[in-house]
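Take a look at the letters that make up each chain.
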Amino acid sequence: MTGSTEWPLWEVFVRSRRGLSHTHAGSLHAPDAEMALRNARDLYTRRNEGVSIWVVPSAEITASSPDEKDSFFEPSADKPYRHPTFYDIPEGVKHL
Amino acid sequence: MATAHQPFTTAPHKPAAAAVDGAVDTTVLESAFDAAVAADERIEPRDWMPDAYRATLVRQIAQHAHSEIIGMQPEANWITRAPSLRRKAILMAKVQDEAGHGLYLYSAAETLGASRDDLLDKLHSGRQKYSSIFNYPTLTWADVGAIGWLVDGAAITNQVPLCRCSYGPYARAMVRVCKEESFHQRQGYELLLALSRGTEAQHAMAQDAVDRWWWPSLMMFGPPDAESSHSEQSMTWKIKRHSNDELRQRFVDICVPQAESLGLTLPDPDLKWNEERGQHDFGPIDWSEFWSVLKGNGPCNDQRITQRRRAHEEGAWVREAAAAYAAKQSERKEATA
Ligand SMILES: [Fe+2]
Ligand SMILES: [Fe+2]
């Protein structure tokens, strides 16, 4: 086999049941989206693990870099006032 | 694959931030990696990792993937001759699961930068190995039961600790695999039990299968700790959590009472409970057989690889046709856009 005929890689996301969001299940090779969906069904939902599947070409996904993890997520680290536990409420005040 | 199109799930070989001025400061990266592993955090595809860690994982995951798909052959041998529709449906589902396991694992290897075509090529040319257990023949229907009980049983014992492996995609693939393996083992056990409780000839057939599969199953855990070359480093990296001998002992202790319930014996005169150790003693393993099968002299080595190559070659036109169809469709789409 030459590299030129290797099918592209797809990422598979499965909704396990209604009310839950799709979760990354894994990846697979397929020539096109339709075949990717069928392969995903056979590969990741052989035991009723899903009610809905998304497939996305792996190359189309843009991801944050693990190298800049600290600087990228830092802005939220110094804002504790975004959390309810930041606030002092007198004891006995209810439903708050 | 070009770096620009590298999928988000794939590990870059050189992290961008570390390559400032062309000087790669690996000591900083390495200590971050060591700290993450020590803290029992998972390493994910795009994290920096030592080259040797990556290479070890690719080798191990590839060998594991190859074992799953080669392992389809000995059992598929009995699909057309399964004694009932129930058994046939079960066996087909099991063999299909093994194909699935292979695919989960190949995907995990690809997150480390390996290419699927290259891995298959290495299997077909003998440059990468698969578990030597699959070089033994399935002579009778009872072998299907013995494989499910013992071979899948040994695989489970090996794979359960791998669910906590330090490399995220491998660990996640193992969680999926382990969930499916338990059916494999139970169907094998049930099959053997039916034979063991059947006619005299059926009972003898079950016993014969267990006699033949017992020792090769013990070899599945790999050479003794004293001779195992990769073990120590893999333990430090938390790829491996228990030594070969530890897992082998665990398996023996699990199997002894299971064999009793089956009404079958294990072919080892030295097998007995050791009160002091709280474990079973068992006889010496013939490692010369293991090495010989691994080197290619098992009963079915040639058959397995020949069949695998043939399946791959005969499927080439399907892969090419599907790729051509996909190309045509996307051209059409572009033309009408
Ligand atoms: Fe498997
Ligand atoms: Fe299995």
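The coordinates are above.
Residues numbered from 1 in each chain as written. Chains lettered and ligands numbered in written order. Predicted model: local features only at pLDDT ≥ 70, side-chain atom pairs only at ≥ 80, totals over all residues. Heavy atoms only, no water.

Enquirer: Go over the overall build of chain A, please, and point to the residues and values.
Expert: Across its full length, chain A carries two helices and three strands. Walking chain A from its N terminus toward its C terminus, one meets helices and strands in the order β-β-α-β-α. Expected size for 96 residues packed as a compact globule is a radius of gyration near 12 Å; at 21 Å, chain A overshoots this value by more than 25%. Each principal axis of the C-alpha atoms in chain A carries an extent, and together these give about 70 × 35 × 15 Å. Counting all 96 residues of chain A, 28% fall into the buried class. At a minimum sequence separation of 6, the contacts of chain A that also span at least 24 residues come to 40%. Put simply, chain A shows about 7000 Å² of open surface, and 53% of that area lies on carbon and sulfur atoms. Computing the positive centroid from 11 side-chain charges and the negative centroid from 14, chain A places the two 12 Å apart. (Helix = DSSP H or I, 4+ residues; strand = E, 2+ residues; numbered from the N terminus. Rg over C-alpha atoms; globule rule 2.2 N^0.38 Å. Buried < 20%, exposed > 50% of the residue type's maximum accessible area, 1.4 Å probe, protein only. Contact = heavy atoms within 4.5 Å. Areas by Shrake-Rupley, 256 points an atom, 1.4 Å probe, with all protein chains shown as cover. Lys, Arg positive; Asp, Glu negative; His and termini not counted. Charge placed at Lys NZ, Arg CZ, Asp CG, Glu CD.)

Enquirer: So what's going on with the interface of chain B and chain A? Residues and values would help.
Expert: The partner chain A presents 27 residues to the 31 residues of chain B that form the contact. A buried area of about 2500 Å², summed over both sides, lies between chain B and chain A, and 56% of it is on carbon and sulfur atoms. At the junction of chain B with chain A, the criterion picks out four salt bridges. Across the salt bridge formed by B:D97 and A:R47, the nearest N and O atoms sit 2.4 Å from each other. At the boundary of chain B with chain A, the tally comes to 12 residue pairs in polar contact (both at pLDDT 80 or more). (Buried area = accessible area lost by both parts, 1.4 Å probe. Salt bridge = Lys/Arg side-chain N within 4 Å of Asp/Glu carboxyl O. Polar contact = N/O pair within 3.5 Å; in protein donor to acceptor, adjacent residues only side chain to side chain.)

Enquirer: Residue-level account of the coordination of the iron ion (ligand 1), with values.
Expert: Residue and element names in this part refer to chain B. Surrounding the iron ion (ligand 1) are the protein donor atoms E68 (OE), E98 (OE), H101 (ND1) and E181 (OE), at 2.1 to 2.3 Å. Bound by four donor atoms, the iron ion (ligand 1) shows angles of 82 to 154° at the metal and therefore irregular coordination geometry. For the iron ion (ligand 1), the donor residues sit on a single chain with the sequence spacing E-x29-E-x2-H-x79-E. Taken as a pair, the iron ion (ligand 1) and the iron ion (ligand 2) lie 3.3 Å from each other and share E98 as a ligand. (Donors = N, O, S within 2.8 Å, 3.2 Å for Na, K, Ca; no water. Tetrahedral: all angles 85-135°; square planar, octahedral: opposite > 155°, others 65-115°.)

Enquirer: Let's hear about the pattern of salt bridges: which residues, and what values?
Expert: This model, assessed by the stated rule, comprises 21 salt bridges over all chains. For B:R116, the salt bridge goes to B:E110, with nearest N and O atoms at 2.8 Å. Each member of the pair, B:R116 as well as B:E110, carries the same accessibility label: buried. With a closest N to O distance of 2.7 Å, B:D281 and B:R277 form a salt bridge. Of the residues examined, B:D281 reaches a relative accessible area of 22% and is grouped as partly exposed. Within this structure, A:R46, A:R47, B:D97 and B:E180 form a network of salt bridges that share partners.

Enquirer: Go over the sheet that holds strand β3 (residues 52-57) of chain A, please, and point to the residues and values.
Expert: Residue and element names in this part refer to chain A. Spatial ordering of the open sheet is given by β2-β1-β3, a layout of three strands whose pairing is antiparallel. A strand with exactly one partner marks an edge of an open sheet, and here the two such strands are β2 (23-29) and β3. This sheet shows a mean twist of 30° between the axes of neighbouring strands, independent of strand direction. In the sheet, strand β1 (residues 9-15) pairs with β3 via six bridges, with the strands oriented antiparallel. (Pairing = 2+ DSSP bridges. Axes fitted to C-alpha atoms, helices over the stretch in contact; angles between N-to-C directions.)

Enquirer: Quick one: what's the story with the coordination of the iron ion (ligand 2), residue by residue and with numbers?
Expert: Residue and element names in this part refer to chain B. Listed as protein donors to the iron ion (ligand 2) are E98 (OE), D152 (OD), E181 (OE) and H184 (ND1); their distances from the metal cover 2.0 to 2.2 Å. Relative to the metal, the four donor atoms surrounding the iron ion (ligand 2) lie at angles of 82 to 171°, and the coordination shape comes out irregular. All donors of the iron ion (ligand 2) belong to a single chain; written as a sequence motif, their spacing is E-x53-D-x28-E-x2-H. For D152, a relative accessible area of 4% gives the class buried.

Enquirer: So what about a nonpolar patch on the surface? Which residues, and what values?
Expert: Among the surface-exposed residues, A:Y81, A:F86, A:Y87, A:I89, A:V93 and A:L96 lie close enough to one another that they form a single nonpolar patch of about 660 Å² accessible area. Examined against the element boundaries, A:F86 turns out to sit in the segment after α2 (69-73). (Patch = residues over 30% accessible without salt bridge, like charges linked within 9 Å, V, L, I, M, F, W, Y side chains within 5 Å.)

Enquirer: Help me get a handle on helix α6 (residues 142-162) of chain B, residues and values and all.
Expert: Residues and elements named next belong to chain B. Taking 1.5 Å of rise per residue, 21 residues should cover 30 Å, and α6 covers 29 Å from first to last C-alpha, within 8% of that figure. Residue G148 marks the point of greatest curvature in α6, where the axis turns by about 30°. By the criterion of burial, α6 is predominantly enclosed, with 19 of the 21 residues buried. (Expected span 1.5 Å × (residues − 1). Bend = angle between axes of the 7 residues up to and from the residue.)

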